[in-house]
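Below, each chain spelled out in residue letters.
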Amino acid sequence: MEEQHNQADRATIILHSGDMDKVYSALIIGNGALAMGMEVYIYFTFWGLQRLRKGGLDKGPLSKMHMLGLGKWMIERRMKQANVRSLRGMLEDFKELGGHIMACDMTMQIMGIQPEDLEQGFIDDYCAVGTYVQAARDSKVTLFI
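Residues numbered from 1 in each chain as written. Predicted model: local features only at pLDDT ≥ 70, side-chain atom pairs only at ≥ 80, totals over all residues. Heavy atoms only, no water.

Engineer: Help me understand the overall build of the protein chain in this model?
Structural biologist: Within the protein chain, the secondary structure is distributed over six helices and five strands. Beginning at the N terminus, the succession of helices and strands in the protein chain can be written as β-α-β-α-α-α-β-α-β-α-β. Split into buried and exposed, the 145 residues of the protein chain put 43% on the buried side. A fraction of 77% describes how many contacts in the protein chain between residues 6 or more apart in sequence connect residues 24 or more apart. (Helix = DSSP H or I, 4+ residues; strand = E, 2+ residues; numbered from the N terminus. Buried < 20%, exposed > 50% of the residue type's maximum accessible area, 1.4 Å probe, protein only. Contact = heavy atoms within 4.5 Å.)

Engineer: What exactly am I supposed to notice about the pairing of strand E3 (residues 100–104) here?
Structural biologist: Two faces belong to every sheet, and in a regular strand the side chains alternate between them. Buried residues dominate E3, accounting for four of its five residues. One ladder, built from three bridges, connects E3 with strand E4 (residues 125–127); its direction is parallel. Within the sheet, the bridge partner assigned to Met102 lies in E4 and is Asp125. (Pairing = 2+ DSSP bridges.)

Engineer: What am I meant to see in helix H6 (residues 129–137) here?
Structural biologist: Given 3.6 residues per helical turn, the α-helix brings residues three or four places apart onto the same face. Within H6, the full set of buried residues consists of Tyr132, Ala135 and Ala136. All buried residues of H6 project into a common sector of 100 degrees when viewed along the axis, lining one side. Contacts made by the buried residues of H6 are with strand E1 (10–15), strand E2 (39–44), E3 and strand E5 (141–144). (Arc of directions from axis to C-beta.)

Engineer: Explain the sheet that holds E2 to me, please; I cannot follow it from the model alone.
Structural biologist: Note: strands within a sheet are paired through backbone hydrogen bonds, in either parallel or antiparallel orientation. Strand order across the open sheet formed by five strands is E4-E3-E2-E1-E5, with parallel pairing between neighbours. On the outer flanks of this sheet lie E4 and E5, each paired with one strand and no other. Each strand of the sheet is rotated relative to its neighbour by a mean of 20 degrees, with strand direction disregarded. The sheet contact formed by E2 and E3 spans four bridges and is parallel. Along E3, the bridge assignment pairs Phe44 with Ala103. Against the sheet, H6 contacts E1, E2, E3, E4 and E5, and its axis sits at roughly 145 degrees relative to E1. (Axes fitted to C-alpha atoms, helices over the stretch in contact; angles between N-to-C directions.)

Engineer: How should helix H1 (residues 20–35) be read in this particular structure?
Structural biologist: In a regular helix each residue adds 1.5 Å, so 16 residues correspond to 22 Å; H1 covers 22 Å between its end C-alpha atoms and thus fits that length. For H1, the full list of buried residues reads Met20, Val23, Tyr24, Ala26, Leu27, Gly30, Asn31, Ala33 and Leu34. Downstream of H1 by one or two residues, Gly37 has phi in the positive range, about 90 degrees. (Expected span 1.5 Å × (residues − 1).)

Engineer: Please explain the nonpolar core as it appears in this structure.
Structural biologist: Here is a general trend for soluble globular proteins: nonpolar side chains tend to be buried in one another's company. In terms of nonpolar packing, the biggest core is built from 31 residues, with Leu27, Val40, Ile42, Leu49, Leu52 and Ile101 touching the most fellow members. Those elements that place two or more of their residues in this core are E1, H1, E2, helix H4 (87–96) and E3. The element best represented in this core is H1, accounting for seven residues. Ignoring anything within four residues of it in the chain, the contact list for Leu52 reads Phe44, Leu91, Ile101, Asp117, Leu118, Glu119 and Ile123. (Core = buried A, V, L, I, M, F, W, Y, C linked by side-chain atoms within 4.5 Å.)

Right under this line is the structure:
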């Protein structure tokens, strides 16, 4: 991990949840911080890492008001009407703005995930918790989602 920014310039987010709205939250906050000139790391672990599986970005349920899938359908429809960017588009923006994606290698072992099972071109580092802790230690903003 490069030491380019001081503590005030870095945000680190753990994305533990795979719920659609929480993945959106992590990417919205991450993109906002990048747009403000911060360096941003998102550490995908457990169910958050499941969203990085090929074709998995849109598979997560809503965290609340799921209503057997109807709640997610309604939210997606409202987001489309409001021209909210897709999760894939948000992730592409995150990478284009210079965001860093870390994939938890312990989660990969536990869940039997291979690097080739994950979306290609997004992940910067397959790493253990120590890499996340070092990024968080040097961050002004740390979030757990």
